[in-house]
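What the coordinates show
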Amino acid sequence: MYWEPEKECISREALQQLQLERLQATLVRVYMNVPFYRKKFDELGIDPDTFRSLEDLRKLPLTTKDDLRLSYPYGMFAVPMREVVRIQTSSGTTGMPTVVGYTRNDIKTWSNLAARILVAGGVTQNDIVQIAFDYGLFSGALGFHYGAERIGASVIPISTVNTRRQVKIMQDFKTTALMCTPGYALSIAETIKEMDINVNSLSLKYGLFGAEPWSEAIRNELQEKLKIIATDNYGLSEVMGPGVAGECLERNGLHINEDHFLVEIVDPETLTPLPEGETGELIITTLTKEAFPVIRFRTRDLTSIISEPCKCGRTFYRMSKVMGRTDDMIKIRGITVFPSQIESVLFEIEGTEPHYQIIVERKGVMDELTVLVGVSESIFFDQVRKQKDFIERIRTKLIAELGFSVEVKPVEKKTLEIEHGKFRRVIDRRKM
Ligand code: DLL
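Residues numbered from 1 in each chain as written. Predicted model: local features only at pLDDT ≥ 70, side-chain atom pairs only at ≥ 80, totals over all residues. Heavy atoms only, no water.

1. Details of the overall build of the chain
Looking only at helices and strands, one finds 12 helices and 23 strands in the chain. Scaling as 2.2 N^0.38, a compact globule of 432 residues should have a C-alpha radius of gyration of about 22 Å, and the chain matches this with 23 Å. For the chain, the spread of C-alpha atoms along the principal axes amounts to about 70 × 60 × 40 Å. Each of the 432 residues in the chain was classed as buried or not, and the buried ones make up 53%. Of the contacts made within the chain by residues no fewer than 6 positions apart, 66% connect residues no fewer than 24 positions apart. Total accessible area computed for the chain in this model is approximately 19,200 Å², and 51% of it derives from carbon and sulfur atoms. Charge-centre separation for the chain: the mean point of 56 positive side chains lies 4 Å from the mean point of 60 negative side chains. (Helix = DSSP H or I, 4+ residues; strand = E, 2+ residues; numbered from the N terminus. Rg over C-alpha atoms; globule rule 2.2 N^0.38 Å. Buried < 20%, exposed > 50% of the residue type's maximum accessible area, 1.4 Å probe, protein only. Contact = heavy atoms within 4.5 Å. Areas by Shrake-Rupley, 256 points an atom, 1.4 Å probe, with all protein chains shown as cover. Lys, Arg positive; Asp, Glu negative; His and termini not counted. Charge placed at Lys NZ, Arg CZ, Asp CG, Glu CD.)

Okay, structure coming up:
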């Protein structure tokens, strides 16, 4: 039931002592090895050697994704490249992703933490684990892969192939645990039905999902359709990948691996710390990372901390399901899209003013993205053919930029929804 009971059920007092020691070591390491942190600490007069209490954390500077981008690709690494054994990136379609590195020790830690969340989600060495996350620079697949091997489960590293083949392998190889994005799991469930396979004839027991927001309604649907226990798993490449937090079988919040990650919740506007239970932006400080430590990283994810004890016996605090982000980043079909990417395409096309709105909807099991483009009246009322060409041009460019199919609809500028005098960029109609 536990992977490392002595850690997962540690007393709060012992945990805080461990966190403080590890934080002190991390601060010294980043000060010595990462110019970005040294400069910031010097500016704020922070001497890592005099850091005495976890409360002092609040005096440390916040780190943003932009800070990481500015040091692309390796500027934030705290070890020489000869010690880096793996490179992954944060997800994102184009533009500059965040490049993260791992030492041999980091990979060991990562595997161990992934093993913890897998065990918490029901997986044992007797399981046959199908990993249907995308293998590659995305941290999802390899994170789960190493964790599953660490436990001694039998791993099927299938990645994201054609869904029918996915189902066929699941059937023939007698998969007992499935790992993928919840969106992809819905497609798999749909395909099982299309292929006229009786789900009871499959061996599936557990589904460990994550990497994008999903609601309790979708959990229920997946549990029902796939006859599994479905748990939620959270992580991000900048911090490690999957293994940061994961649900136990109680399915009531995600246990944070607090002996490796120090979390805070702040008001995203004022950046002041919020008390337990209140929803705000999650801030994470890594406590053991060697190659890519981050100090007070702004995740942009909105959640709250649950401190009440969990029935499972783990003492780590839980975070509530992440249901949104402070910026307008959209995760669709596992791909990250920023409104700014769409905006830049529109800018490039002559005649378009960057007035647009992105509608995300779930049609059947697929997420669809429609871009409403506000065009000036002259184009709107001009010949139909000209308008069609214009829309098609935008659509082609958007598909090239985003890497998946989108719909484009022209609307009169003034019909775009306005909120507090602003254009509302994203309307996410997926049932959450
Ligand atoms: O998505 C790591 C991961 C892979 C986690 C597989 C769990 C399972 P990135 O590609 O860097 O890393 O994307 C991180 O995805 O900041 C959240 O906005 C979102 N996200 C990740 N897990 C969840 C989740 C991986 N369970 C970004 N619920 C994060 C909601 C999630 N959003």
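2. Overview of the side chain of Ser159
With respect to the helices and strands, Ser159 occurs in the loop between strand S4 (154-156) and helix H7 (163-172). The exposure class assigned to Ser159 is buried, which follows from its relative accessible area of 14%. Among the polar contacts listed, one links the side chain of Ser159 to the backbone nitrogen of Tyr135, at a separation of 3.1 Å. Excluding residues that lie within four positions of it along the chain, Ser159 makes contacts with Ile131, Ala132, Phe133, Asp134, Tyr135 and Gln166. (Polar contact = N/O pair within 3.5 Å; in protein donor to acceptor, adjacent residues only side chain to side chain.)

3. As for the packing of aromatic side chains
For the coordinates displayed, the defined rule picks out 9 aromatic pairs. Measuring from centroid to centroid gives 6.2 Å for Tyr31 and Phe41, while their planes differ by 15 degrees, and the two rings are stacked. Residue Tyr31 is found in helix H2 (residues 12-33), and its partner Phe41 is found in helix H3 (residues 35-44); the two are separated by 10 residues along the sequence. Between Tyr102 and Trp110, the aromatic rings sit 4.6 Å apart at their centres with planes inclined by 5 degrees, giving stacked as the arrangement. Comparing Tyr102 with Trp110 shows no difference in burial state: the two are buried. Here the aromatic cluster, defined as three or more aromatic residues joined through ring pairs, consists of Tyr31, Phe36, Tyr37 and Phe41. The side chain of Arg12 reaches across the aromatic face of Tyr317, ending 3.4 Å from its centre. Sitting over the ring of Trp214, Arg219 keeps its end group 5.7 Å from the ring centre. (Phe/Tyr/Trp six-rings, centres within 6.5 Å; stacked < 30°, edge-to-face > 60°. Lys NZ or Arg CZ within 6 Å of the ring centre and 35° of its normal.)

4. Considering the domain arrangement of the chain
Structurally, the chain comprises domain 1 (1-327) and domain 2 (329-428). In this structure, domain 1 and domain 2 have C-alpha centres spaced 32 Å apart. The partner domain 2 presents 13 residues to the 15 residues of domain 1 that form the contact. Each partner contributes to the roughly 1,200 Å² buried at the junction of domain 1 and domain 2, and carbon and sulfur atoms together form 50% of this total. Taken together, the links from domain 1 to domain 2 amount to 0 salt bridges. (Domains from an automatic or database assignment. Buried area = accessible area lost by both parts, 1.4 Å probe. Salt bridge = Lys/Arg side-chain N within 4 Å of Asp/Glu carboxyl O.)

5. Points about the site of the ligand
Around the ligand, the surrounding shell holds 23 residues, and the nearest of these are Ser91, Asp232, Asn233, Ser237 and Asp301. Within the contact set of the ligand, a nitrogen atom lies 2.8 Å away from a side-chain nitrogen or oxygen of Asp232. Measuring from a nitrogen atom of the ligand, one finds a backbone N or O atom of Asn233 at 2.7 Å. In the complex, the protein chains occlude 97% of the 610 Å² of accessible area that the ligand would expose alone. Taken together, the elements giving at least two residues each to the shell around the ligand come down to helix H6 (139-151) and strand S7 (229-236). (Near = heavy atom within 4 Å.)

6. Focus on helix H9 (residues 216-226)
Restricting attention to buried positions, one finds in H9 the residues Ile218, Arg219, Leu222, Gln223 and Leu226. In an axial view of H9, the angular spread of the buried residues amounts to 135 degrees, which keeps them on one side of the axis. Looking one or two places after H9, you find Lys227, whose phi comes out positive at around 55 degrees. (Arc of directions from axis to C-beta.)

7. Focus: the sheet that holds strand S12 (residues 297-303)
Backbone hydrogen bonds hold the strands of a sheet together, and the pairing may be parallel or antiparallel. What the 4 strands build is an open sheet, ordered S10-S11-S12-S15; its pairing is antiparallel. Across the chains shown, the open sheet's two edge strands, defined by having one partner strand only, are strand S10 (261-266) and strand S15 (324-325). Where S10 and strand S11 (residues 280-286) come together, 6 bridges link them in antiparallel fashion. Counted as the bridge partner of Val263 is Ile284 from S11. (Pairing = 2+ DSSP bridges.)

8. Digging into the pairing of strand S19 (residues 366-375)
With 8 of its 10 residues buried, S19 lies for the most part within the structure. For S19 and strand S20 (residues 407-412), the ladder comprises 6 bridges, and the chain directions are parallel. When the bridges of S20 are listed, Val375 appears paired with Glu412.

9. So, the nonpolar core
One broad trend across soluble globular proteins is that nonpolar side chains are buried collectively. Tyr37, Phe41, Leu60, Tyr234, Val239, Ile284 and Met319 are the most contacted members of the largest nonpolar core, which totals 48 residues. In terms of residue count, the dominant contributor to this core is H2 (5 residues). Apart from residues no more than four positions distant in its own chain, Ile284 is found in contact with Tyr234, Leu236, Val239, Val244, Phe261, Leu262, Val263, Val294, Ile295, Arg296, Phe297 and Thr299. In terms of nonpolar packing, the next biggest core, distinct from the first, is built from 26 residues, Ala185, Leu186, Leu226 and Val365 among them. (Core = buried A, V, L, I, M, F, W, Y, C linked by side-chain atoms within 4.5 Å.)

10. Regarding unusual backbone geometry
In this chain, Tyr72 is followed by Pro73 through a cis amide linkage whose omega measures -5 degrees. At Lys174, a residue that is not glycine, the phi angle is positive and equals roughly 55 degrees. Secondary-structure assignment places Lys174 in the loop between H7 and strand S5 (177-180). Residue class for Lys174 comes out exposed when judged on its relative accessible area of 52%.

11. Concerning the sheet that holds S7
The strand order across the open sheet built from 9 strands is S4-S3-S5-S6-S7-S8-S9-S14-S13, with neighbouring strands paired in mixed fashion. Edge positions in the sheet fall to S4 and strand S13 (305-306), since each has one partner strand and no second. Inspection of the sheet shows strand S6 (residues 206-210) paired to S7 by 5 bridges, in the parallel sense. Counted as the bridge partner of Leu208 is Thr231 from S7. Strand contacts of H6: strand S3 (128-131), S4, S5, S6, S7 and strand S8 (241-247), with the helix running at about 65 degrees to S8, the strand carrying the most contacts. (Axes fitted to C-alpha atoms, helices over the stretch in contact; angles between N-to-C directions.)

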